[in-house]
2 protein chains.
Amino acid sequence: MQRPGGRTARVRTAVLKAAEDALVEVGFAGLDLGDVARRAEVGRTTVYRRWGSVGALLADLLTDMAEQSLPRARTGSLAEDLRTNARLVARTLADPRQGALFRAVLVAATCDRDAAEALHRFYRARVEEWAPCVTEAVDRGELPPDTDAAEVVRAVSAPLYYRMLTTPDPLDEVTADRAAATTLAAAHAGTFRRPVT
Amino acid sequence: MQRPGGRTARVRTAVLKAAEDALVEVGFAGLDLGDVARRAEVGRTTVYRRWGSVGALLADLLTDMAEQSLPRARTGSLAEDLRTNARLVARTLADPRQGALFRAVLVAATCDRDAAEALHRFYRARVEEWAPCVTEAVDRGELPPDTDAAEVVRAVSAPLYYRMLTTPDPLDEVTADRAAATTLAAAHAGTFRRPVT
DNA sequence: CCACTAACGGAACAGGAATCCCGTTAATGA
DNA sequence: TCATTAACGGGATTCCTGTTCCGTTAGTGG
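Residues numbered from 1 in each chain as written. Chains lettered and ligands numbered in written order. Predicted model: local features only at pLDDT ≥ 70, side-chain atom pairs only at ≥ 80, totals over all residues. Heavy atoms only, no water.

**Structural notes on the environment of Leu16 of chain B**
Residues and elements named next belong to chain B.
Okay, so step 1: Looking at the secondary structure, you find Leu16 in helix H1 (residues 7-26).
Okay, so step 2: A residue is classified by how much of its surface remains accessible, and Leu16, at 4% relative accessible area, is buried.
Okay, so step 3: C-alpha separation for the pair Leu16 and Arg121, spaced 105 residues apart in sequence, amounts to 19 Å.
Okay, so step 4: If sequence neighbours within four positions are ignored, Leu16 has contacts with Leu57, Asp60, Leu61 and Asp64. (Helix = DSSP H or I, 4+ residues; strand = E, 2+ residues; numbered from the N terminus. Buried < 20%, exposed > 50% of the residue type's maximum accessible area, 1.4 Å probe, protein only. Contact = heavy atoms within 4.5 Å.)

Printed below as a string of structure tokens:
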């Protein structure tokens, strides 16, 4: 018999919140389930029993984040939509709290199977959310009909993540707008057309 | 008085090699300095004293990698150069040994200050190595004169890293070629021109 | 309202990583 | 060749993470 009500849910919320706080403060490497339990004012045993590993905890955290992520833009202009997306991603990654969270989860995904799967689900969902911006542009005749919408959406985010990971430079609006413009130009040039199989 | 000769250098080489092996086998999360010492047939104390942390060890490893990284292509054609670069990056990341190494170092950089600095130096050096491909194309009149060469080079790698981190899909040649083509199209369209300050 | 039991939590315990101590080895320079 | 000392290495020690045990709390269904 499962008991999702009351206490169980309260504990989960408190632990996920505490895990977020801990991540922001000490980062992924310094994350310790005992510390999370203390912050959540919950027994260590509970955290170890329900999640068992840092990876599993982050996977759960990511699932939670996926549920409350923002809907896509609907400006009616592909250029505008891509720029909105790029700025949203840049702002998210630049935010001390959210950025630390994303970095931690990316890291966890390279170490832990559960976290990796949760991460892949998260990004698949995000890409699917934004893909209509592209397919609608295709329908309007702005882009070639065999354009791979998912790849276009990914192309917007890629430079931002790459910059965050490999340089000490901040993620500003200029960078975001360039990512959007680059993707748009390439999409118009047809480089995102699905290769003939 | 420093003693770089003989034994010291031998120990460093053995430890770095052992660290690489360990990384490939157990990944970043499972890395344990004691295990590295055992593999290198070196005293645990030595490893803890000279490096002290996983981050510092990886930073040293990365410095070592930077020294023996490959020179850029010189095909005389920007399209060809970018494609060569993209394929090189894709092959490196897809390689079980090198790929694991890069992922581990990226991870370490998000946790450890030393590793982060070493990583930034590494990528700055790589970008500088390949930037001439772009500036020469600018000189030939293929691209706008105020094109930001470094950004063009980064744009080639970005989609590959993003794909590796956020999807379970393999990094194949199609992906690499698309990254190069996308960058080329955008560069021609002028999206990598330095914004007027 | 009560019996049942899923889920929690404190405390004791176990295992392993990081540190410290101190004797040994081998570069270095005269 | 020899004195000096940087650097190494084995072993004891400390500290901390994760597990286990078992009594307690509080959702759930009747």
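Right, picking up where we left off after that structure.
**Focus on the packing of aromatic side chains**
Okay, so step 1: Per the counting criterion, the structure on display carries ten aromatic pairs over all chains.
Okay, so step 2: On the basis of an interplanar angle of 75° and a centroid distance of 5.9 Å, the ring pair of Tyr123 of chain A and Tyr161 of chain A is categorised as edge-to-face. Here the residue Tyr123 of chain A occupies a position in helix H7 (residues 113-139), and Tyr161 of chain A occupies one in helix H8 (residues 149-166), the gap between them amounting to 38 residues. Residue Tyr123 of chain A shares its accessibility class with Tyr161 of chain A, and that shared class is buried.
Okay, so step 3: An angle of 80° between the planes, with centres 6.1 Å apart, marks the rings of Tyr123 of chain A and Tyr162 of chain B as edge-to-face. (Phe/Tyr/Trp six-rings, centres within 6.5 Å; stacked < 30°, edge-to-face > 60°.)

**Quick look at the interface of chain B and chain A**
Okay, so step 1: Chain B puts 32 residues into the contact, and the matching count from chain A is 32 residues.
Okay, so step 2: Interface area for chain B against chain A, summed over the two sides, is near 2900 Å², with a carbon-plus-sulfur share of 75%.
Okay, so step 3: Per-residue buried area on chain B facing chain A is highest for Tyr162, Leu165 and Arg178 of chain B; these three make up 22% of the total on that side.
Okay, so step 4: The tally of links between chain B and chain A comes to four salt bridges.
Okay, so step 5: A salt bridge links Glu151 of chain B to Arg163 of chain A, with the nearest nitrogen and oxygen atoms 3.7 Å apart.
Okay, so step 6: In this structure, the connection of chain B to chain A is made through four residue pairs in polar contact (both at pLDDT 80 or more).
Okay, so step 7: Of all elements in the fold, only helix H6 (96-111), helix H7 (113-139), helix H8 (149-166) and helix H9 (173-189) of chain B reach the threshold of two or more residues within the side of chain B that touches chain A.
Okay, so step 8: Looking at the side of chain B that touches chain A element by element, the count peaks at ten residues for H8 of chain B.
Okay, so step 9: Taken together, the residues that form the side of chain B that touches chain A break down as 20 nonpolar, seven polar and five charged. (Buried area = accessible area lost by both parts, 1.4 Å probe. Salt bridge = Lys/Arg side-chain N within 4 Å of Asp/Glu carboxyl O. Polar contact = N/O pair within 3.5 Å; in protein donor to acceptor, adjacent residues only side chain to side chain. Nonpolar A, V, L, I, M, F, W, Y, C, P; charged D, E, K, R; others polar.)

**Comments concerning the relation of the copies chain B and chain A**
Okay, so step 1: Structural alignment of chain B on chain A gives an RMSD of 0.2 Å, achieved by rotating through 179° and translating 0.1 Å along the axis. In symmetry terms, the pair is related by a two-fold rotation axis. (Least-squares fit on C-alpha atoms with pLDDT ≥ 70 in both.)

**Quick look at the side chain of Glu20 of chain B**
Okay, so step 1: Relative to the helices and strands, Glu20 of chain B is located in helix H1.
Okay, so step 2: Under the relative-accessibility criterion, Glu20 of chain B is labelled buried at 18%.

**Brief notes about the UniProt feature "DNA-binding region" (unreviewed entry) in chain A**
Okay, so step 1: Under the present numbering, the feature "DNA-binding region" (unreviewed entry) in UniProt falls on residues 32-51 of chain A.
Okay, so step 2: Counting secondary structure, residues 32-51 of chain A comes out at 75% helix and 0% strand; the distance between its end C-alpha atoms is 12 Å. (UniProt positions renumbered as here; feature names shortened; annotations may be inferred.)

**Here we look at the side chain of Glu151 of chain A**
Okay, so step 1: Within the secondary structure layout, Glu151 of chain A lies in helix H8.
Okay, so step 2: Glu151 of chain A gets classed as buried once you look at its relative accessible area, which sits at 12%.
Okay, so step 3: In this structure the side chain of Glu151 of chain A is engaged in a polar contact, spanning 3.4 Å, whose partner is the side chain of Arg178 of chain B.

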